[in-house]
Amino acid sequence: MAHFRKDFLWGGAVAANQVEGGYNEGGKGLSVTDITTAGSLESPRYLTYTLDGKDGKVAGMFASSLPKGAKGKIFDNEYYPNHVAIDFYHHYKEDIKMFADMGFKVFRTSIAWTRIFPTGEEDKPNQEGLDFYRRVFEELKKNGIEPLVTISHYEDPLALGEKYNDWQDRKMIDLYVKYATTLFKEYKDLVKYWLTFNEINSSLMFLKMVGDGNASDEDYQKAYQKLHHQFVASAKAVVEGHKINPDFMIGNMIAGSVYYPGTPDPKDVLAARYEEELSQLYCADAQAKGEYPSFAKRLWDEHNVHLKIEDGDLEVMKEGKVDMYTFSYYMSNMVTTHDVGEKAKGNFSAGTRNPYLEYSEWGWSTDPDGLQLYLEKMYDRYGIPMMVVENGLGAVDKLEDGTVHDDYRIDYLRKHIKAMDKAVEHGVDLRAYTTWGCIDCVSAGTGQMSKRYGFIYVDRDDKGEGTLKRLPKDSYYWYQKVIASNGDEL
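Residues numbered from 1 in each chain as written. Predicted model: local features only at pLDDT ≥ 70, side-chain atom pairs only at ≥ 80, totals over all residues. Heavy atoms only, no water.

Asker: Could you give an account of the overall build of the protein, naming the residues involved and the relevant values?
Answerer: What the protein contains, in helices and strands, is 14 helices and 20 strands. Projected onto the principal axes, the alpha-carbon positions of the protein cover approximately 55 × 55 × 50 Å. Considering the protein as a whole, with its 490 residues, one finds that 61% of them fall into the buried category. Within the protein, counting contacts between residues at least 6 apart in sequence, those at least 24 apart form 75% of the total. With the model as given, the accessible surface of the protein reaches about 19,300 Å², and the carbon-plus-sulfur share is 49%. The distance from the centre of the 59 positive side-chain charges to the centre of the 77 negative ones in the protein is 2 Å. (Helix = DSSP H or I, 4+ residues; strand = E, 2+ residues; numbered from the N terminus. Buried < 20%, exposed > 50% of the residue type's maximum accessible area, 1.4 Å probe, protein only. Contact = heavy atoms within 4.5 Å. Areas by Shrake-Rupley, 256 points an atom, 1.4 Å probe, with all protein chains shown as cover. Lys, Arg positive; Asp, Glu negative; His and termini not counted. Charge placed at Lys NZ, Arg CZ, Asp CG, Glu CD.)

Asker: Before we move on, can you summarise helix α6 (residues 171–186) with the specific residues and values?
Answerer: Two residues of an α-helix separated by three or four positions point the same way, owing to the 3.6 residues in each turn. Here α6 is 16 residues long and its end C-alpha atoms lie 23 Å apart, about the 22 Å a rise of 1.5 Å per residue gives. Three or more residues of α6 are buried, namely Met-172, Ile-173, Leu-175, Tyr-176, Val-177, Tyr-179, Ala-180, Thr-181, Thr-182, Leu-183 and Phe-184. (Expected span 1.5 Å × (residues − 1).)

Asker: Explain the packing of aromatic side chains residue by residue, including any values.
Answerer: Taken as a whole, this structure holds 42 aromatic pairs when the rule is applied. Both rings, one in Trp-10 and one in Tyr-433, keep their centres 6.2 Å apart while their planes meet at 90°; by these two values the pair is edge-to-face. Of this pair, Trp-10 sits in strand β1 (residues 9–13) while Tyr-433 sits in strand β18 (residues 430–436), placing them 423 residues apart in sequence. On the accessibility criterion, Trp-10 (0% relative accessible area) is buried. Here Tyr-433 falls in the buried class, since its relative accessible area comes to 0%. For Arg-115, the ring lying beneath its charged end belongs to Phe-132, and the centroid distance is 5.6 Å. Sitting over the face of the ring of Tyr-274, Arg-298 holds its NZ or CZ atom 4.0 Å from the ring centroid. (Phe/Tyr/Trp six-rings, centres within 6.5 Å; stacked < 30°, edge-to-face > 60°. Lys NZ or Arg CZ within 6 Å of the ring centre and 35° of its normal.)

Asker: Can you break down unusual backbone geometry residue by residue, with the values?
Answerer: Of note, Glu-199 is a non-glycine position whose phi angle comes to about 40°, a positive value. Here Glu-199 shows up in the loop between β7 (193–197) and α7 (202–209). With a phi angle near 50°, Asp-401 is a residue other than glycine that sits in the positive phi range.

Asker: Can you explain the pairing of strand β15 (residues 386–390)? Please cite residues and give values.
Answerer: Among the five residues in β15, five count as buried, and that is most of the element. Pairing analysis gives four bridges linking strand β11 (residues 325–329) to β15, with the strands arranged parallel. From the neighbouring strand, Phe-327 faces β15, where its bridge partner is Val-388. By the bridge criterion, three bridges tie β15 to β18 in an arrangement that is parallel. Along β18, the bridge assignment pairs Met-386 with Leu-430. (Pairing = 2+ DSSP bridges.)

Asker: For the packing of helix α2 (residues 88–102) against helix α14 (residues 474–484), give the residues involved together with the corresponding values.
Answerer: Viewed as axis vectors pointing N to C, α2 and α14 meet at an angle of 55°, and their least axial separation amounts to 8 Å. Compared by their axis directions, α2 and α14 come out oblique. On α14, the residues that touch Met-98, Asp-101 and Met-102 of α2 are Tyr-476, Tyr-479, Gln-480 and Ile-483. Partitioned by chemical class, the residues of the contact of α2 with α14 number five nonpolar, one polar and one charged. (Axes fitted to C-alpha atoms, helices over the stretch in contact; angles between N-to-C directions. Parallel < 35°, antiparallel > 145°, perpendicular 65-115°, else oblique. Nonpolar A, V, L, I, M, F, W, Y, C, P; charged D, E, K, R; others polar.)

Asker: Describe the nonpolar core, with residues and values.
Answerer: Grouped burial of nonpolar side chains is what soluble globular proteins tend to show. Counting residues in each nonpolar core, the largest one holds 128 residues, and the members touching the most others are Tyr-176, Tyr-282 and Tyr-325. The dominant element in this core, judged by the number of residues it contributes, is helix α8 (residues 217–244), at ten residues. Those residues within four positions of Tyr-325 in sequence are excluded, and the remaining contacts are Asn-252, Ile-254, Ala-284, Ala-288, Tyr-374, Met-378, Tyr-382, Ile-384, Pro-385, Met-386 and Met-387. Residues Val-106, Leu-148, Met-324 and Val-389 belong to the second largest nonpolar core, which totals eleven residues. (Core = buried A, V, L, I, M, F, W, Y, C linked by side-chain atoms within 4.5 Å.)

So yeah, pure geometry; function would need other evidence.
Given below as structure tokens:
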């Protein structure tokens, strides 16, 4: 018998920029993702731009990668997968019906900032954008599905990224709070669950991967300053949200991972601990405890970081602590000071391959025990309700007889649900589970469609060709039973 609470929220998760499409419809402005090309496991995604009359492109996902003074530009000879994505913008009713038939209790999606404020600096929001999301949320409610909404999911307005250098300017704080407050007021009776920033710690994790960890002190200065402004913005949004509706549950969202020492060498144990502090606890403490951790000064000193903290910032962070701790979990990492074994690869993978784990073709380890460990450690540290808001297996699916026989996905999810159940049995207050990419979508890291996570197959390929037809996979019917049995029937 599973141990999940009776009102446990089973569902799935996507992000606006990875499913919606309609990049130039309904009054939407350009997001940074709209100038981001397709990539692959071997080649990065590029931001395309113009500078001093010359076109160029630079590897990256955030506006901070753009050269100073560059303006994002769409090139005729490049493919931008997020422009159409899977066209949820025009298919949302059909997709929500499929989610409802699966039994979803919750659907996590995000709002494209540029649908609400096309450049981020307008005085009044774009009514067409507000109306679109109202229709989506009303459709969810009609089907008995609770919306879980990420306010900012790798979707900054391009105009703000260019002007304020990817959150280096404090003006971003008030612009974000204006945006968040607009959403809170508009949807106060439709949406209860909110997340302020998706995988807020990802900018620090990316730095560890740049040139095998050879990021400069200036890179770290920018990353920590960006985070400080986002912590203050998140905290202010939490305070404002609770004024608008005291019943709101507003959470953080961390890219979750556990870090194992590669050997019993105490130096490895320390290295794994330091990696966890940098990649996980620094951001988690700032949002869930409302304060910088004791080790923050050590992290700053390591890279000569001098944080610009203004009067009142630390008080606001304390006042605007999050109500719940939410995170993505795909894999664990192994850290060693020794030159041993094969290196792990893939998004957010770090260190050495773990000989006790299996790895996907994208280089991600499968480690359900790590999910149990993460839940128990973080609940013990913060003691607030938890949600697993991303988890899943990216794989190349083969369409046969109008469906996909994805036993490998079922096996992955089954193991992770068992791990969650064990954590709940051990006392963790877990409220929700939303698998990532519940319908096939454009990969954030590679821009591919062939890296599929969904219960629902979408007929579209890495070149943007296909009918966009939706087809349920074997995992669709399996998850239907999981939800109906509240996790008993796996």
